[in-house]
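So you can see what is in the structure, the chains are spelled out below.
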Amino acid sequence: MVTARAEHEYVVVGAGSSGSVIVRRLLDHGHSVHVIEAGPDVQGPLVTNPASWPALFRSEFDWAVMTTPQTHTNGRSLHFPRGRIVGGSSSLNGMIYIRGVRSDYDTWAYGGATGWDWDSVFPYFLRSEDYEDGPGPWHHSGGPLHVSRVTDPHPTSAAFVEAGTSLGFPLTDDFNGEQPLGVGYHQFTIRDGKRASAWVSFVEPVRANPSLEVTANAQVHRVLFDDTRAVGIEYIVDGDRRQAYASGEVVLSAGVMGSPKLLMLSGIGPADHLREVGIEVRHDLPGVGENLHDHTLASNLYESKQPMPAGRYSSMESSLLWKSDPRLVAPDLQPLFLHLAYPADGYPVPEHGYTIAPGMVRPLSRGTLRLASADPDTPPLVDPDMFGEPHDLERMVDALEICREIGRADAFKDWRKTEVAPGPEAKTRDDLREFLRRTVSTYHHQCGTCRMGQDSLSVVDPDLRVHGLQNLRVADASIMPAVPSGNTNAPSIMIGEKAADLILGRSPDQVL
Ligand SMILES: Cc1cc2nc3c(=O)[nH]c(=O)nc-3n(C[C@H](O)[C@H](O)[C@H](O)COP(=O)(O)OP(=O)(O)OC[C@H]3O[C@@H](n4cnc5c(N)ncnc54)[C@H](O)[C@@H]3O)c2cc1C
């Protein structure tokens, strides 16, 4: 039994996309919050400049997770960047703002996540938003999160859009609007030319609130319990072991890797696995660490005839959201254009280059996250089982074929010198399969390791409470039952918004 003075009503672990929103909303409603973040409380040009995101990979702000060797990608271990800084992965990401489509969320609800259907979550997306063109049926203004549009595209991003339409793909003027399918320009979480991370957008403006305590550079090691009731957490800062207690609740927003790891370090997870690594079982919850999945990305890389001018945004201004089969209810492909050379393993990187990156957004493969040891400093064993389902490789081949078709279009004639990867010698679907196994990487949208639902393999209920325990919720990308059809920052922010209302006991008609 743990007894101690609670210094705050809420303890939030992780100041990332979801955690930052929860902190802000709890403060807005007059509560006291202690947020504890493993990374530093800094900004600086590398983080704030939208164009410098590639330089953040493997930097001090990246957990630089490496997967286990992947059976279906030629035994390669893949680098999964994850933010280790206030703002979490929203301080490292490509800043694309896209919510996904109605059926993504209706499917969550259909599978047991009651209250997370599109009509229920859409108001939470809106509540966050400060759209630069003002409110409309699909957008909102006045929220903390600035959402901007591409008004001055890079010439090669424009070539991508022109190439797509010349091939018959429809033009969409808003991936978050009525008709999201087709080729078009993204919206960005960028304000006044600077990255608008969740931390900068939601927490910085209320930093002076005396009810807020921020502890950075502090790694949480476990949740503390009084029987089955969470009462606080234990963390390490400057080499010191400390505790933070909550009179209300403990909220884990440590992300798709951090939250399941923390649950398991606290004795909550698959009992056999916990015993295997020498952790005393507090609560047998077999779904913790299951259901790890991700979007996949590769690089159809071109050398440019001419130097690439600098761009104004994050170098990923346009994409194509598409279905590999018109009978699908939602898009499964998202080829992405980058006006930079995105490396493909084993291929040269041209000095002047651009990339049409095949992206696949409806994976069937599912993997796991497990502990390598009971030591909190040991990285977890992350196995997404990429291409474990052959369907995913086939859809990536479909996406790559589309990318190459776009790359050959006349719209690129002033830019295209040579196709570097996979290169002209790759002709058949077999050649493309082989290329993808050798080079595929992550689209950075891992999720699902603390899946929300009501079945015995789910980890949290639709109110985000960990099954079988009290005063403990998980709120971040780990609770997604299935990854949405687009990038995952806006959905993670939406999860933060809805989590806050669930904690506050606010009814759905009070959202906006
Ligand atoms: C390189 C990259 C590019 C991306 N590009 C885009 C994009 O353009 N658009 C988009 O929509 N999405 C993008 N994403 C995905 C998106 O950013 C993430 O899905 C989203 O940020 C996840 O939010 P989260 O709250 O679940 O976790 P995070 O934002 O990762 O937050 C988790 C936080 O918890 C902290 N933490 C973890 N463990 C502990 C611990 N033990 N103690 C204390 N703190 C801990 C971490 O340091 C981190 O700050 C990208 C992601 C990456 C990595």
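Residues numbered from 1 in each chain as written. Predicted model: local features only at pLDDT ≥ 70, side-chain atom pairs only at ≥ 80, totals over all residues. Heavy atoms only, no water.

The protein appears in an unreviewed UniProt entry as GMC family oxidoreductase from Pseudonocardia yunnanensis.

Right, let's get into the nonpolar core. Counting residues in hydrophobic clusters, the biggest one holds 134 residues, and the most contacted among them are W116, I233, L263, F412 and L472. When residues in this core are grouped by element, the largest group, 8 residues, is from helix α9 (residues 390-408). Apart from the residues lying within four places of it in its own chain, the contact partners of L472 are V223, F225, A230, V250, L252, L263, I268, L464, R465 and V466. (Core = buried A, V, L, I, M, F, W, Y, C linked by side-chain atoms within 4.5 Å. Buried < 20%, exposed > 50% of the residue type's maximum accessible area, 1.4 Å probe, protein only. Helix = DSSP H or I, 4+ residues; strand = E, 2+ residues; numbered from the N terminus. Contact = heavy atoms within 4.5 Å.)

On the secondary structure map, R99 appears in the loop between β5 (96-97) and α3 (102-110). Here R99 falls in the buried class, since its relative accessible area comes to 1%. In terms of polar contacts, R99 uses its side chain to reach the side chain of Y97, at 3.2 Å. A polar atom in the side chain of R99 sits 3.5 Å from the side chain of H139. Here R99 is in contact with Y105, W118, F122, F125, L126, E129, W138, H139, N176, P484, A490 and P491, once residues within four sequence places are set aside. (Polar contact = N/O pair within 3.5 Å; in protein donor to acceptor, adjacent residues only side chain to side chain.)

So, on to the sheet that holds strand β20 (residues 318-321). What the 6 strands build is an open sheet, ordered β8-β20-β21-β22-β19-β26; its pairing is antiparallel. The sheet is open, and its two borders are formed by β8 (182-185) and β26 (416-421), each paired with just one other strand. The average angle at which neighbouring strand axes cross in this sheet is 20°, direction not considered. Taken together, the 2 bridges between β20 and strand β21 (residues 336-338) define a ladder with antiparallel strand orientation. If you follow S318 over to β21, its bridge partner there is F337. (Pairing = 2+ DSSP bridges. Axes fitted to C-alpha atoms, helices over the stretch in contact; angles between N-to-C directions.)

The tally for this structure, following the rule as stated, stands at 17 aromatic pairs. Relative to W138, the ring of F122 has its centre 5.6 Å away and its plane inclined at 55°; by these criteria the two rings are tilted. Placement of F122 in helix α4 (residues 118-128) and of W138 in the loop between β6 (129-131) and β7 (145-149) is noted, with a sequence separation of 16 residues between them. The exposure class assigned to F122 is buried, which follows from its relative accessible area of 14%. Of the residues examined, W138 reaches a relative accessible area of 25% and is grouped as partly exposed. Seen from their ring centres, F337 and F412 are 5.8 Å apart, and the 35° between their planes marks the pair as tilted. Taken together, the residues span a long stretch of sequence, with F337 in strand β21 and F412 in the loop between α9 and β26 at a distance of 75 residues. Cluster of aromatic residues (ring-pair linked, three or more members): Y105, W108, W116, W118, F122, F125 and W138. When the ring centre of W63 is taken as origin, the NZ or CZ atom of R84, which lies over that ring, is 4.0 Å away. (Phe/Tyr/Trp six-rings, centres within 6.5 Å; stacked < 30°, edge-to-face > 60°. Lys NZ or Arg CZ within 6 Å of the ring centre and 35° of its normal.)

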